[in-house]
Amino acid sequence: MDVNNSNFRQLLPDIISSIDNSCFVAIDLELSGIHKTFGPRNTPLNRKQNLEERYKEVKSAAERFQVLQLGLCPVSYDEVLETYVCRPFNFFVNPNSEQKFGLDREYVVQASAIGFLLESGFNFNSTYTSGIRYLSRREERYVIERENRMAQEPKEDIHIDDASQQFVKDFVAEIQEWVDDPNPTFDFVNISTVGQGVNSYQKRLIHQVVRKTFPHLQTLGRPTFVQVIRTDPAAEKMKRDERRARFETDVERGIGLRHVIDALFASQKPLIGHNLFTDLINLYECFIGPLPSTLAEFAHVIHENFPTVIDTKFIATCDTETATFGSNLQGIWDLLCTQDYPAIELDIGYTRYVTSRLAHEAGYDSYNTAQILVRLVGRYQAYLRHHQQANNGDPESMAIKYLLDYLHRLDRFPLADHRIDIPKRLPSLESSFWKIFTNKLRVNGTLEGLWALEK
């Protein structure tokens, strides 16, 4: 389902409910650029990067590039239909923010990445015309601190030029006369010039001089004049409270798409991705704030918020021989899509991807990731049961071997093994069954090849 700036507020409760009621959530990002490793010459002794070096490289890229699209696919299980139900959401991310917040983001566009997205049918106009704005947690803190500072700090004085000296003397005298009058005709005095009104410079002078010369009075800007009235403490407090309430409403709306990210973090649902290492880093930098300086610190933050993360790229390449094999998202699904079980389908009303293959649209790729997880692990579960019943050595190792043979070495795969009894439902993600796959992320091109988060 496409979510844009017109329907976001209406759909937000349903999106959050979908996350809260899910078994797991699959994600995908599209970016304005990606990190590039130019071979071993970038590292000491002409070797591959280690994980720490790769983290710093991806972190640096995430600080320069922008998330352009977010895909989110909460998946639940329907006990009656015995099927997994997907609700994929596709969000264009608008990097603009409200001018009143004092933010003006800058980001880098990588020509090759933009060219690739254009070839895939990505609509860059939609990013700005219908994309959803957001404030990261860091930016929200900045906006609030800025507002507090502006409310407390005295406004900076401007210079009174020679041509305005007489104007100032005249309106000060006019105000003083009104103040000294025991029975003034009106409970205000309007400051203007004969026939011309006052310009913006003159208005600022009136506000400034009254604030310093008549602290018991207050000024109200009007289109062609400035009105001076006596200060009413109760009215002043009400005015400040109303201003603060408007500001807080503006911030709540300004948070925008980050409401979805906050719901995702708060849910602590198992988080699924394909090549998840890069997406986690970019997701955090865009919507949360500055990335931790070390990979260990980042691992702690991620594991604290998401106790279970699963990388389908790792599942598809989880032994030594296949660790460097290709594991294209669409290619894996093309192999698994004819598999009947576990059944997985789109929910009613989420039919955008029923007949359309929109590779590299974030919503579609998050949906594909969810499907791949269910089908891959369902197949592994069938192999595991088979080898447990047959007493064939180490059942886990044998099941992994059969799964990877199926994915990468079909020429070696016995035809009879295609007809295994695949279960209709996966074990709970909280069970020990998943320990072989959870919190292990594939990071190709590094010495370690794998990022393992501590359990």
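Parameters and conventions
- Residues numbered from 1 in each chain as written.
- Predicted model: local features only at pLDDT ≥ 70, side-chain atom pairs only at ≥ 80, totals over all residues.
- Heavy atoms only, no water.
- UniProt positions renumbered as here; feature names shortened; annotations may be inferred.
- Helix = DSSP H or I, 4+ residues; strand = E, 2+ residues; numbered from the N terminus.
- Expected span 1.5 Å × (residues − 1).
- Buried < 20%, exposed > 50% of the residue type's maximum accessible area, 1.4 Å probe, protein only.
- Arc of directions from axis to C-beta.
- Contact = heavy atoms within 4.5 Å.
- Domains from an automatic or database assignment.
- Buried area = accessible area lost by both parts, 1.4 Å probe.
- Salt bridge = Lys/Arg side-chain N within 4 Å of Asp/Glu carboxyl O.
- Polar contact = N/O pair within 3.5 Å; in protein donor to acceptor, adjacent residues only side chain to side chain.
- Core = buried A, V, L, I, M, F, W, Y, C linked by side-chain atoms within 4.5 Å.

- As named in an unreviewed UniProt entry, the protein chain is Ribonuclease CAF1, taken from Tuber magnatum.
- Check the Sequence similarities (unreviewed entry) section of the UniProt entry for the protein chain; it says "Belongs to the CAF1 family."

## Considerations on helix α5 (residues 137–152)
It helps to recall that an α-helix has 3.6 residues per turn; residues three or four apart then point in one direction.
Okay, so step 1: In a regular helix each residue adds 1.5 Å, so 16 residues correspond to 22 Å; α5 covers 23 Å between its end C-alpha atoms and thus fits that length.
Okay, so step 2: Taken residue by residue, α5 has E139, E140, V143 and E147 as its buried positions. On an axial view of α5, the arc spanned by its buried residues comes to 105 degrees, and they lie on one face.
Okay, so step 3: Contacts from the buried residues of α5 go to α8 (233–255) and α9 (258–267).

## Things to note about helix α2 (residues 51–64)
Okay, so step 1: With 14 residues, α2 should cover 20 Å at 1.5 Å per step; its first-to-last C-alpha distance of 20 Å lies within 8% of that length.
Okay, so step 2: Those residues of α2 that fall on the buried side of the exposure criterion are L51, R54, Y55, E57, V58, K59, A61 and A62.
Okay, so step 3: Taken together, the buried residues of α2 touch α10 (276–287), α11 (295–305) and β13 (450–452).

## Describing the domain arrangement of the protein chain
By a widespread convention, an interface's size corresponds to the accessible area lost as its parts come together.
Okay, so step 1: Domain boundaries in the protein chain define domain 1 (2–134 + 256–452) and domain 2 (136–252).
Okay, so step 2: The centre of domain 1, based on its C-alpha atoms, is set 54 Å off from the matching centre of domain 2.
Okay, so step 3: Counting residues at the interface gives 18 residues for domain 1, matched by eleven residues for domain 2.
Okay, so step 4: Summing both partners gives a buried area of about 1,300 Å² for domain 1 against domain 2, and 44% of it is carried by carbon and sulfur.
Okay, so step 5: On the domain 1 side of the contact with domain 2, F101, R258 and I288 bury the most area, a combined 37% of that side's loss.
Okay, so step 6: Linking domain 1 with domain 2 are six salt bridges, by the criterion used here.
Okay, so step 7: Notably, a salt bridge pairs K100 with D250, separated by 3.3 Å at the nearest N-O pair.
Okay, so step 8: Taken together, domain 1 and domain 2 are joined by twelve residue pairs in polar contact (both at pLDDT 80 or more).
Okay, so step 9: Among the elements of the structure, α9 and α10 are those that each provide at least two residues to the side of domain 1 that touches domain 2.
Okay, so step 10: When residues of the side of domain 1 that touches domain 2 are assigned to their parent elements, the largest contribution, four residues, is made by α9.

## Things to note about the environment of K203
Okay, so step 1: Its place among the elements puts K203 in helix α7 (residues 200–213).
Okay, so step 2: C-alpha of K203 to C-alpha of G254: the two residues are 51 residues apart in sequence and 31 Å apart in space.
Okay, so step 3: Filtering out sequence-adjacent residues up to four positions away, K203 remains in contact with V198, R222, P223, T224, F225 and V226.

## Here's the deal with the nonpolar core
Okay, so step 1: F91, L257, F298 and W451 are the most contacted members of the largest nonpolar core, which has 51 residues in total.
Okay, so step 2: Going through the elements one at a time, α1 (8–20), β2 (24–31), α2, β3 (67–78), β5 (89–92), α9, α10 and α11 are the ones with two or more residues in this core.
Okay, so step 3: For this core, the element with the most residues is α10, which contributes eight residues.
Okay, so step 4: With near-sequence residues (within four places) excluded, W451 lies in contact with L51, F277, L280, L295, F298, A299, N439, K440, L441 and V443.
Okay, so step 5: By size, the runner-up hydrophobic cluster in this structure holds 44 residues, among which are C73, I372, L384 and L404.

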